[in-house]
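Listed below are the residues making up each chain.
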Amino acid sequence: MPSRPRLFALCAASLTLVLSGCASGRLAVTAPPGVRLSGDWALDPAASEDTGQVIARLRAQLGKALHAQRRRAAQDGLGVPVRREPGAPSGDSDEQSEGGGQDRRESGPRPLGPAVPPGSALVQEFLSNVPADELTIAVTPGSVTVIGANSSQQYTPGLQTAIEWGQISAEQMSGWQGRRYVIDTRPQWGPEVTQSYGLTPDGKLVVTLRMRGAGIDATLTRRYRRTSRAPAALVPTGD
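Right, let's walk through the structure included here. (Residues numbered from 1 in each chain as written. Predicted model: local features only at pLDDT ≥ 70, side-chain atom pairs only at ≥ 80, totals over all residues. Heavy atoms only, no water.)

**Topic: the overall build of the protein**
Part 1 of the argument: The secondary structure content of the protein amounts to three helices and 12 strands.
Part 2 of the argument: Considering the protein as a whole, with its 239 residues, one finds that 33% of them fall into the buried category.
Part 3 of the argument: Nonlocal contacts in the protein, meaning residues at least 24 apart in sequence, comprise 55% of its contacts between residues at least 6 apart.
Part 4 of the argument: Total accessible area on the protein is roughly 14,200 Å²; 54% of this is exposed by carbon and sulfur atoms. (Helix = DSSP H or I, 4+ residues; strand = E, 2+ residues; numbered from the N terminus. Buried < 20%, exposed > 50% of the residue type's maximum accessible area, 1.4 Å probe, protein only. Contact = heavy atoms within 4.5 Å. Areas by Shrake-Rupley, 256 points an atom, 1.4 Å probe, with all protein chains shown as cover.)

**Side note on the environment of S174**
Part 1 of the argument: In this fold, S174 is placed in strand β8 (residues 168-177).
Part 2 of the argument: With relative accessibility at 3%, the residue S174 sits in the buried group.
Part 3 of the argument: A C-alpha to C-alpha distance of 8.6 Å links S174 and A28, two positions 146 residues apart in sequence.
Part 4 of the argument: Ignoring any residue separated from it by four or fewer positions in sequence, one finds S174 in contact with L27, Y155, T156, P157, G158, L159, Y181, V182 and I183.
Part 5 of the argument: A distance of 3.4 Å separates the side chain of S174 from the backbone oxygen of T156, its partner in a polar contact. (Polar contact = N/O pair within 3.5 Å; in protein donor to acceptor, adjacent residues only side chain to side chain.)

**Quick look at the packing of aromatic side chains**
Part 1 of the argument: For the structure on display, the rule yields one aromatic pair.
Part 2 of the argument: Between the aromatic rings of W176 and Y181, the centroid separation amounts to 5.1 Å while the plane-to-plane angle is 75 degrees, which identifies the pairing as edge-to-face.
Part 3 of the argument: Take W176: its relative accessible area is 4%, and that puts it in the buried class.
Part 4 of the argument: Here Y181 falls in the buried class, since its relative accessible area comes to 1%. (Phe/Tyr/Trp six-rings, centres within 6.5 Å; stacked < 30°, edge-to-face > 60°.)

**Some details on helix α3 (residues 121-128)**
Part 1 of the argument: Among all positions of α3, only L122, V123, E125 and F126 are buried. Here the buried residues of α3 occupy an arc of 160 degrees about the axis, which is enough to place them on one side.
Part 2 of the argument: Where α3 is buried, its residues contact α2 (51-75), β7 (160-165), β11 (205-213) and β12 (216-226). (Arc of directions from axis to C-beta.)

**Quick look at the packing of α2 against α3**
Part 1 of the argument: Where α2 contacts α3, the two axes come as close as 10 Å, and the packing angle between them is 150 degrees. As the angle between them shows, α2 and α3 are arranged roughly antiparallel. Every pair of crossing elements has a handedness; the one defined by α2 and α3 is right-handed. Contact with α2, carried on its side by T51, V54, I55, L58, R59 and L62, involves L122, V123, F126 and L127 of α3 and no other residues of that element. (Axes fitted to C-alpha atoms, helices over the stretch in contact; angles between N-to-C directions. Parallel < 35°, antiparallel > 145°, perpendicular 65-115°, else oblique. Left-handed = near helix turned anticlockwise from the far one by under 90°.)

**Regarding the pairing of β7**
Part 1 of the argument: Residues T161, I163 and W165 point to one face of β7 and are all buried, whereas Q160, A162 and E164, pointing to the other face, are not buried.
Part 2 of the argument: Relative to β8, β7 runs antiparallel, the two being bridged by six bridges. Counted as the bridge partner of T161 is Q172 from β8.
Part 3 of the argument: Connecting β7 to the next strand, β8, in antiparallel fashion are two residues, including G166 with a positive phi near 70 degrees. (Pairing = 2+ DSSP bridges.)

**Regarding the sheet that holds strand β9 (residues 180-187)**
Part 1 of the argument: The strand order across the open sheet formed by 10 strands is β6-β5-β4-β1-β12-β11-β10-β9-β8-β7, and the pairing between neighbours is antiparallel. Edge positions in the open sheet fall to β6 (152-155) and β7, since each of these has one partner strand only. Each strand axis lies, on average, 25 degrees off the axis of its neighbour in the sheet, ignoring direction.
Part 2 of the argument: The sheet contact formed by strand β4 (residues 134-140) and strand β5 (residues 143-147) spans five bridges and is antiparallel. In the sheet register, A138 faces β5, and the bridge partner there is T145.
Part 3 of the argument: Here α2 sits on the sheet in contact with β11 and β12, set at roughly 165 degrees to β12.
Part 4 of the argument: Packing against the sheet, α3 makes contact with β7, β11 and β12, and its axis sits at approximately 160 degrees to β11.

**Some words on the layout of surface pockets**
Part 1 of the argument: The space that makes up the second largest pocket amounts to roughly 490 Å³.
Part 2 of the argument: The wall of the second largest pocket is formed by 24 residues, among which S128, N129, Q153, Y155 and Q195 lie closest to the centre.
Part 3 of the argument: Elements supplying a minimum of two residues to the lining of the second largest pocket: α3, β5, β6, β7 and β10 (192-199).
Part 4 of the argument: Take the lining of the second largest pocket: its biggest share by element is three residues, from β7.
Part 5 of the argument: When its residues are assigned to classes, the lining of the second largest pocket shows 11 nonpolar, 10 polar and three charged. (1 Å grid on protein atoms, 1.4 Å probe; cavity = no way out; pocket = protein on both sides within 12 Å on 5 of 7 lines; lining within 4 Å. Points joined across faces, edges and corners; volume = space filled by probe spheres on them. Nonpolar A, V, L, I, M, F, W, Y, C, P; charged D, E, K, R; others polar.)

Encoded structure:
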């Protein structure tokens, strides 16, 4: 029978193998045979979703999510007005209640993070990840680089990195999922963002941007055709 230290080591090694197997099964390090993402690409507007319509849906979802958040807070007692004695000072933290009176609300956990109004931080973060109308993609055995008109991002398949996502921190992992290259960004709070780059059977590039979680599920799909015109060359800035 193995000793306790050896048994612990065997369990730890087994757990590591299981975790690495799950991660590699979801996002592979090596591109599958026959996938040619490299090249210069130009947007096909007629075959792509309208960004404005997607943003309108995202704003509506944010409004519903924030409304549900306030209702849950009220049900949990976080939004119940605090009774005051007559003549007591109101204080600076009072808010206008739904009934038109003044109340004091205690702070509590928010699924979407610090009060994010529709049209603010999450919408801006979504827009900042919308791919440019013209792209250059370079795929090597150890990296995938996506260059747009005003941006350049280089990803390392299988590498998890810490990044700044707006005003908060996030973990980012990228790799191959079937015949698509996928970039998952998971912030400390709020919905995660997933980008994917794949090819249609007729050789067109399909780029999908999805924001999902905390009552939000918005997806933008853009399609590109190969072109000989490339955006201005940029030096990759990293993940």
